[in-house]
Amino acid sequence: MASTHRIAVIQWHIKELDPEYNHATACNYISEAAAQGAELAVLPEYHLSGMVPTDPLWTVQAGKSAEYLANYQRLAKKLQICIVPGTIIEKHTGPDQSTLLYNTAYFISNDGTVLGSYRKKNIWHPERPYLTSSGSEPHVAIDTPIGRVGMMICWDLAFPEAFRELIVDGAEIVIVPTYWTPHDASPEARAYNPDSEALFLESTITSRCFENTCGIVFVNAAGPSEDFLGLSQITLPLVGSIAKMGTEEGFVVADLDMGPIEAAERNYKIHWKWSLSPYLTARNALLRLSHLSCQHPHSRGTSCPLRPNTLWASSLWLLILHLCCALCGIKTNPCSLKQPLPQTLYHLHVAAISLPPITNSNLDCSLQIPGNSVSHFQSAFLATCCMCPPLH
């Protein structure tokens, strides 16, 4: 029989630059949810100070983030409840003594220990002048009292490859703290549909559940409907939302039944092809080996091999994939390139893809391994090439 986990999603009208009020509000809601038997309580993104990075006080308050995290740890232990305290803005000093602000989600266990954390990778364009991305750090699932869990933050929801990386690592539930408002759509976009952002969220959350056979715990800020969306929800494949809020303040507690997730996997068989652990190990090793120093707007100058914005970086990344295939004896076809390679890389690229063409695959990079002669090592590189996100 499939297990069931009682989860609370909590949303309220976050007061800007008032962390004491917001923290007290969060703790009260968490206590009430625990009294209703919740095993996990999740808060929204930016829940302590709101999203006002242009105010100098916002950065000052980020320097006190550790105090609030410790308070949530004590509360989790006292109430014996797991807590994902939305996101906490953390202030760090960079190598050049610059100020770095990370938007971080933590998973606190019911004994008060921090089991894992995640720094927002895909930063929404208005945030990019202020926040630092996690860059090329891989998405990693963690073992928790409610099962194997992954965490994403807000705009990460728009990137299916981020979800797939968590699923490859065994995540069955993905938690997504968010601060998503109607104003994230431009006036031009809202002229077509004033409710475009709500449509985006409803459609994407459901799609991610189906395409990854996972559950999603999505928590957003609430408030007046002209400025906030709310829509905090717990959504599963096959059945859709089992609990959903509007723009009201408060929380809802629901039992997340793992049955639909397991049934969806038996039906769609998404996980089976990524079941061997060498897949993820090899992919992450390749990412670390291929850290290409490229200036990407998401990374603020950090190494970002996934979406390099220079032709050289894109070419090198593609070359690394082909060379790995060649070294493992995996036959490959040339990927179609939108631009020619730099001359100095052209001959290396030709050498890497000079094996006979294979046409029986619908992948962008056709891959075939003969018979049963492939080792786990070779299989891992095959999975690596299949899972890498597209270059932009």
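About the cut-offs
Residues numbered from 1 in each chain as written. Predicted model: local features only at pLDDT ≥ 70, side-chain atom pairs only at ≥ 80, totals over all residues. Heavy atoms only, no water. Helix = DSSP H or I, 4+ residues; strand = E, 2+ residues; numbered from the N terminus. Buried < 20%, exposed > 50% of the residue type's maximum accessible area, 1.4 Å probe, protein only. Contact = heavy atoms within 4.5 Å. Areas by Shrake-Rupley, 256 points an atom, 1.4 Å probe, with all protein chains shown as cover. Phe/Tyr/Trp six-rings, centres within 6.5 Å; stacked < 30°, edge-to-face > 60°. Patch = residues over 30% accessible without salt bridge, like charges linked within 9 Å, V, L, I, M, F, W, Y side chains within 5 Å. Salt bridge = Lys/Arg side-chain N within 4 Å of Asp/Glu carboxyl O. Pairing = 2+ DSSP bridges. Axes fitted to C-alpha atoms, helices over the stretch in contact; angles between N-to-C directions. 1 Å grid on protein atoms, 1.4 Å probe; cavity = no way out; pocket = protein on both sides within 12 Å on 5 of 7 lines; lining within 4 Å. Points joined across faces, edges and corners; volume = space filled by probe spheres on them. Nonpolar A, V, L, I, M, F, W, Y, C, P; charged D, E, K, R; others polar. Polar contact = N/O pair within 3.5 Å; in protein donor to acceptor, adjacent residues only side chain to side chain. Core = buried A, V, L, I, M, F, W, Y, C linked by side-chain atoms within 4.5 Å. Expected span 1.5 Å × (residues − 1).

## Some remarks on the overall build of the protein
Phase 1: Of regular secondary structure, the protein possesses eleven helices and 15 strands.
Phase 2: Going through the 392 residues of the protein one by one, you find that 54% of them count as buried.
Phase 3: At a minimum sequence separation of 6, the contacts of the protein that also span at least 24 residues come to 68%.
Phase 4: By element, 55% of the accessible surface of the protein is carried by carbon and sulfur atoms, the whole surface being about 17300 Å².

## Details of the packing of aromatic side chains
Phase 1: Summed over all chains, the structure comprises eleven aromatic pairs.
Phase 2: Summarising the aromatic geometry, the rings of tyrosine 46 and tryptophan 58 are spaced 6.1 Å apart at their centres and angled 50° between planes, so their arrangement reads as tilted. Here tyrosine 46 is found in the loop between β2 (40-42) and α2 (56-62), whereas its partner tryptophan 58 is found in helix α2, with twelve residues between them in sequence. Here tyrosine 46 and tryptophan 58 have matching classes, each one buried.

## A word on a nonpolar patch on the surface
Phase 1: A cluster of nonpolar side chains, contributed by Leu238, Val239, Ile242 and Tyr268, occupies part of the molecular surface with about 340 Å² of accessible area.
Phase 2: Of note, leucine 238 is situated in the loop between β11 (233-236) and β12 (240-244).

## Topic: the sheet that holds strand β10 (residues 215-219)
Phase 1: A sheet is described by the order of its strands in space; here six strands give the open sequence β7-β8-β9-β10-β11-β12, paired in mixed fashion. What marks the edges here is a single partner per strand, and that holds for β7 (142-144) and β12. Sheet twist, expressed as the average angle between the axes of neighbouring strands with direction ignored, equals 25°.
Phase 2: Of the strand pairs in this sheet, strand β9 (residues 173-177) and β10 are connected by five bridges, and their pairing is parallel. The residue bridging isoleucine 175 from the neighbouring strand is valine 217, located in β10.

## Concerning the environment of threonine 206
Phase 1: In this structure, threonine 206 sits in helix α6 (residues 196-212).
Phase 2: For the pair threonine 206 and valine 239, spaced 33 residues apart in sequence, the C-alpha separation works out to 9.5 Å.

## A word on empty space enclosed by the protein
Gaps left between atoms show up when a probe the size of a water molecule is rolled over them.
Phase 1: Scanning the entire structure with this criterion turns up five cavities of 30 Å³ or more.
Phase 2: The space that makes up the largest cavity amounts to roughly 120 Å³.
Phase 3: In this structure, the largest cavity is lined by 13 residues; those nearest its centre are Leu48, Ser49, Gln61, Ala62 and Ile89.
Phase 4: Where the lining of the largest cavity is concerned, the elements lending two or more residues are α2, α3 (65-79) and β4 (88-93).
Phase 5: In terms of residue class, the lining of the largest cavity is made up of eight nonpolar, four polar and one charged.

## With respect to the side chain of serine 49
Phase 1: On the secondary structure map, serine 49 appears in the loop between β2 and α2.
Phase 2: A distance of 2.6 Å separates polar atoms of two side chains, one belonging to serine 49 and the other to glutamine 61.

## Considerations on the nonpolar core
Soluble globular proteins tend to bury their nonpolar side chains together.
Phase 1: If you look at the biggest cluster of nonpolar residues, it comprises 50 residues, and the most contacted ones within it are Leu40, Phe107, Ile175, Val217 and Leu256.
Phase 2: When sequence neighbours within four positions are dropped, the list of residues in contact with leucine 40 reads Arg6, Ile7, Ala8, Ile81, Cys82, Ile83, Val84, Phe107, Ile146 and Ile175.
Phase 3: Core analysis: the next-biggest nonpolar cluster, separate from the first, contains 36 residues, Ala8, Ile14, Leu75 and Ile88 among them.

## Brief notes about the pairing of β11
Phase 1: Side chains Gln233 and Thr235 of β11 all project onto a buried face; the interleaved residues Ile234 and Leu236 project onto the opposite face, where all are buried too.
Phase 2: Here β10 runs beside β11; their pairing, made up of three bridges, is antiparallel. Each bridged residue has a counterpart across the sheet, and for isoleucine 216 the counterpart in β11 is threonine 235.
Phase 3: Taken together, the four bridges between β11 and β12 define a ladder with antiparallel strand orientation. Note that in β12 the partner of isoleucine 234 across the bridge is alanine 243.
Phase 4: A loop of three residues connects β11 with β12, the two strands running antiparallel in sequence, and leucine 238 in this loop sits at a positive phi of about 75°.

## Some remarks on the pattern of salt bridges
Phase 1: This model, assessed by the stated rule, comprises seven salt bridges.
Phase 2: Notably, a salt bridge pairs glutamate 45 with lysine 120, separated by 3.1 Å at the nearest N-O pair. In this pair, glutamate 45 is assigned in the loop between β2 and α2 and lysine 120 in the loop between β6 (114-119) and β7, connecting sequence segments 75 residues apart.
Phase 3: By relative accessible area, lysine 120 is classed as buried at 1%.
Phase 4: The residue arginine 208 makes a salt bridge to glutamate 211 at a minimum N-O spacing of 2.6 Å.

## What to know about α6
Phase 1: The end-to-end C-alpha distance of α6, which contains 17 residues, comes to 24 Å, matching closely the 24 Å that a straight helix rising 1.5 Å per residue would cover.
Phase 2: Within the sequence span of α6, burial applies to Ser196, Glu197, Ala198, Leu201, Thr204, Ile205, Arg208, Cys209 and Asn212.
Phase 3: The elements touched by buried residues of α6 are α4 (160-168), β10 and β11.
Phase 4: Just downstream of α6 lies threonine 213, where phi reads positive at about 40°.

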